[in-house]
Amino acid sequence: MGGGWYHQLDLFPPGPTATGVALTAFHQCGETPEHLADALAFLKARQISSDDPLLDGGWAMNTSLGLPVVEATGWVARYLGLARCGLLEEGPSLPRAYQWLVNNQNEDGGWGSLRGCPSRVWLTCLALRAMAQLHPRSDAVKRGVEWLLARQNRTSCGWGETETRSATVTHTALALMTLAETGVDRAGENILGAYRWLETHLDPTAIDDRHARVESYNVTHVTNGRQVVWHTVLLHYGMPIALSALLRHPDSPPANLICTGFDTINRTQLEGGHWPNIQGGDSVSIWALWPFVQALTDIRDISPVREADQITWTQQLVVVQRREARGRPLSALLRAQRWLAVSRFFGRSWATILLILSTLTGLVLVGVGRFDWKDYVLGMILPIGLLIIQEARQRRKS
């Protein structure tokens, strides 16, 4: 539609941010969109041309009053870098996009919406992920990584929206993904601590992060001698972003969280192929697509093998044995997995099992004359109530 996409996919007009996100999703799936040439032409037409180096080369959102911002430029530049579109004459100028990101980096090393706006974790990650595709060894990337590491909460080891906000699953996961993409050594204790925090706080049964569903803030900028203000709202689906981060775990990705998380993704996908819109309503949002596409392609593409793992390779079976389990025989590991499966079953179905046992025991006791029917019915109230509570909790999680 018009060569691009809008963040609500059934609405017009298109915007650079949603177009960059959609093209990135196609690229991650290994697919070429039917109207790629039209989309690149749209992005080329929307790239800002100006004598002002703080404006030239960037992209504006439909709501940023014509001013180029990281929220749009980060997505578009990352796609152009991923897809190696820099030499296409019919496409946007990648060198100018890179220079816009460099020129709009704040003095502290982070990025806000544009230069001079307070640096934010999400926006710094967007810029760094783009820069990692364009010039990963640049001084701007080094300074951005230093800013991101300095904003890690030393108590929780996680990241929040800004350095003064509490850590969230969403921002911690994106920060860890960004650090992995920029080549930061992930064996350090601070990074491993962030992974541990993420494992502890992730709820793999819910697609969004209840502490960071929406990130909203005002953007203030002085242009042509006057101050302009607009409001930006970012929608976050934290769980699939966390799965993508955990798949990059430097030691051992937590299989229980990852398996449960991908089961949730499969279970909550709607008939149209998208996921529920956390804004409500029936509209399909690009934000309810890209993190799930990223997670699903990551589970396909990222190897589970880590350094010092032992691989047992037979004609029908490949077993990856973690370094901490290399001294244990495979038979012991398989028994442990079976016990884990049994424990999960009882953890999910304990109330049902209790009701069945109570029913059978009660019938036997009534049959031998130890109970009368009145006592039997009264005795069934508790297990039935526990079953109702269990089912209600399962439905809330779903």
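As a reminder, the structure under discussion sits directly above these lines.
If you're wondering where the values come from, they're calculated on a predicted model, not measured in any experiment.

Draft legend 1. Spatial organisation of the overall build of the chain. Secondary structure summary: the chain contains 14 helices and 4 strands in total. Within the chain, the proportion of its 398 residues that are buried is 47%. Surface exposure of the chain reaches about 20,500 Å², of which carbon and sulfur atoms provide 55%. For the chain, the centre of its 37 positive side-chain charges and the centre of its 36 negative side-chain charges are spaced 7 Å apart.

Draft legend 2. Focus on the pairing of strand 3 (residues 310-313). Bridge count between strand 3 and strand 4 (residues 318-321): 4 bridges; the pairing is antiparallel. Looking across to strand 4, one finds that tryptophan 313 is bridged to valine 318. A loop of 4 residues connects strand 3 with strand 4, the two strands running antiparallel in sequence.

Draft legend 3. Spotlight on the pattern of salt bridges. By the definition in use, this model includes 12 salt bridges. The partner of glutamate 107 in a salt bridge is arginine 115, and the shortest N-O contact between them spans 2.7 Å. Under the relative-accessibility criterion, glutamate 107 is labelled exposed at 66%. Taken together, the shared-partner salt bridges connect Arg120, Glu161, Arg165 and Glu215 into one network.

Draft legend 4. Spatial organisation of the packing of aromatic side chains. Throughout the structure, instances matching the rule amount to 5 aromatic pairs. Between the aromatic rings of tryptophan 5 and phenylalanine 26, the centroid separation amounts to 6.1 Å while the plane-to-plane angle is 45 degrees, which identifies the pairing as tilted. Of this pair, tryptophan 5 sits in the segment before helix 1 (16-29) while phenylalanine 26 sits in helix 1, and the two are 21 residues apart along the sequence. A residue is classified by how much of its surface remains accessible, and tryptophan 5, at 24% relative accessible area, is partly exposed. Between tyrosine 237 and phenylalanine 292, the aromatic rings sit 5.5 Å apart at their centres with planes inclined by 70 degrees, giving edge-to-face as the arrangement.

Draft legend 5. Local environment of a nonpolar patch on the surface. Taken together, Val305, Ile311, Trp313, Val318 and Val320 make up a surface patch of nonpolar side chains, about 490 Å² in accessible area. Every element with two or more residues in the nonpolar patch is listed here: strand 3 and strand 4. Mapped onto the fold, isoleucine 311 is located in strand 3.

Draft legend 6. Spatial organisation of the packing of helix 7 (residues 169-181) against helix 8 (residues 189-201). Between helix 7 and helix 8, whose axes approach to 10 Å, the crossing angle comes to 145 degrees. The way helix 7 lies across helix 8 gives a crossing that is left-handed. Contacts between helix 7 and helix 8 involve Val169, Thr172, Ala173, Leu176 and Leu179 from the first element and Ile191, Ala194, Tyr195, Trp197, Leu198 and His201 from the second. Considered class by class, the residues forming the contact of helix 7 with helix 8 number 9 nonpolar, 2 polar and no charged.

Draft legend 7. Highlighting the side chain of serine 113. Mapped onto the elements, serine 113 comes out in the loop between helix 4 (94-103) and helix 5 (121-134). Among the polar contacts made by the side chain of serine 113, one reaches the side chain of glutamate 71 at a distance of 2.6 Å. Here serine 113 is in contact with Pro68, Val69, Val70, Glu71, Trp100, Leu123, Tyr217 and Val219, once residues within four sequence places are set aside.

What counts, and at which threshold
Residues numbered from 1 in each chain as written. Predicted model: local features only at pLDDT ≥ 70, side-chain atom pairs only at ≥ 80, totals over all residues. Heavy atoms only, no water. Helix = DSSP H or I, 4+ residues; strand = E, 2+ residues; numbered from the N terminus. Buried < 20%, exposed > 50% of the residue type's maximum accessible area, 1.4 Å probe, protein only. Areas by Shrake-Rupley, 256 points an atom, 1.4 Å probe, with all protein chains shown as cover. Lys, Arg positive; Asp, Glu negative; His and termini not counted. Charge placed at Lys NZ, Arg CZ, Asp CG, Glu CD. Pairing = 2+ DSSP bridges. Salt bridge = Lys/Arg side-chain N within 4 Å of Asp/Glu carboxyl O. Phe/Tyr/Trp six-rings, centres within 6.5 Å; stacked < 30°, edge-to-face > 60°. Patch = residues over 30% accessible without salt bridge, like charges linked within 9 Å, V, L, I, M, F, W, Y side chains within 5 Å. Axes fitted to C-alpha atoms, helices over the stretch in contact; angles between N-to-C directions. Left-handed = near helix turned anticlockwise from the far one by under 90°. Contact = heavy atoms within 4.5 Å. Nonpolar A, V, L, I, M, F, W, Y, C, P; charged D, E, K, R; others polar. Polar contact = N/O pair within 3.5 Å; in protein donor to acceptor, adjacent residues only side chain to side chain.

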